[in-house]
Amino acid sequence: MFWHVTNLEQDWDVPHGFAVMGARNAELLLMPGQTRTLVWVPQKPGVYPFYCTDFCSALHQEMQGYVRVSPKGSSVALTWNKPAE
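Residues numbered from 1 in each chain as written. Predicted model: local features only at pLDDT ≥ 70, side-chain atom pairs only at ≥ 80, totals over all residues. Heavy atoms only, no water.

Asks: Residue-level account of the packing of aromatic side chains, with values.
Replies: Throughout the structure, instances matching the rule amount to four aromatic pairs. Relative to Phe50, the ring of Phe18 has its centre 6.1 Å away and its plane inclined at 40 degrees; by these criteria the two rings are tilted. Linking Phe18 in strand β2 (residues 16-20) with Phe50 in strand β5 (residues 46-51), this pair joins segments that are 32 residues apart in sequence. The exposure class assigned to Phe50 is partly exposed, which follows from its relative accessible area of 21%. Between Trp40 and Tyr48, the aromatic rings sit 5.0 Å apart at their centres with planes inclined by 80 degrees, giving edge-to-face as the arrangement. What makes Tyr48 buried here is its relative accessible area of 13%. A network of ring pairs unites the aromatic residues Trp3, Phe18 and Phe50 as a single cluster. (Phe/Tyr/Trp six-rings, centres within 6.5 Å; stacked < 30°, edge-to-face > 60°. Helix = DSSP H or I, 4+ residues; strand = E, 2+ residues; numbered from the N terminus. Buried < 20%, exposed > 50% of the residue type's maximum accessible area, 1.4 Å probe, protein only.)

Pasting the structure below:
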């Protein structure tokens, strides 16, 4: 899997970091305007967090998410919690 990450920060001195749990590197460090690529080969199916590793602003903790890795040939549908109606 290829992650192409760009730091779109407007301030010239605010770096961002990017990491995926289970990657074989510590992190990517990106200066404003810079794009870097992380090649990640998950070792097994599962749900892996990704996140910003360099404190950047008050919204730093919002810069995170998850990627789901399913077994090859899997037909398991994506599901999520829906709001109560």
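Asks: Give me the lowdown on the side chain of Asn7, citing residues and values where you can.
Replies: With respect to the helices and strands, Asn7 occurs in the loop between β1 (2-6) and β2. At a separation of 2.9 Å, a polar atom in the side chain of Asn7 contacts the main-chain carbonyl oxygen of Leu30. Beyond its immediate sequence surroundings of up to four residues, Asn7 is in contact with Val14, Pro15, His16, Leu30, Met31, Pro32, Gly33 and Gln34. (Polar contact = N/O pair within 3.5 Å; in protein donor to acceptor, adjacent residues only side chain to side chain. Contact = heavy atoms within 4.5 Å.)

Asks: Provide a residue-level description of the nonpolar core, including the pertinent values.
Replies: Across soluble globular proteins, nonpolar side chains show a tendency to be buried alongside one another. Of all hydrophobic cores here, the largest spans 12 residues; its members are Trp3, Val5, Phe18, Val20, Ala23, Leu28, Leu30, Leu38, Trp40, Tyr48, Val67 and Val69. Sorting the residues of this core by element identifies β1, β2, β3 (28-30) and β6 (64-69) as the ones contributing at least two each. Apart from the residues within four sequence positions on either side, Tyr48 is in contact with Val20, Met21, Trp40, Pro42, Gln43, Gly65, Tyr66, Val67 and Val69. (Core = buried A, V, L, I, M, F, W, Y, C linked by side-chain atoms within 4.5 Å.)

All we've got here are geometric facts, nothing functional implied.
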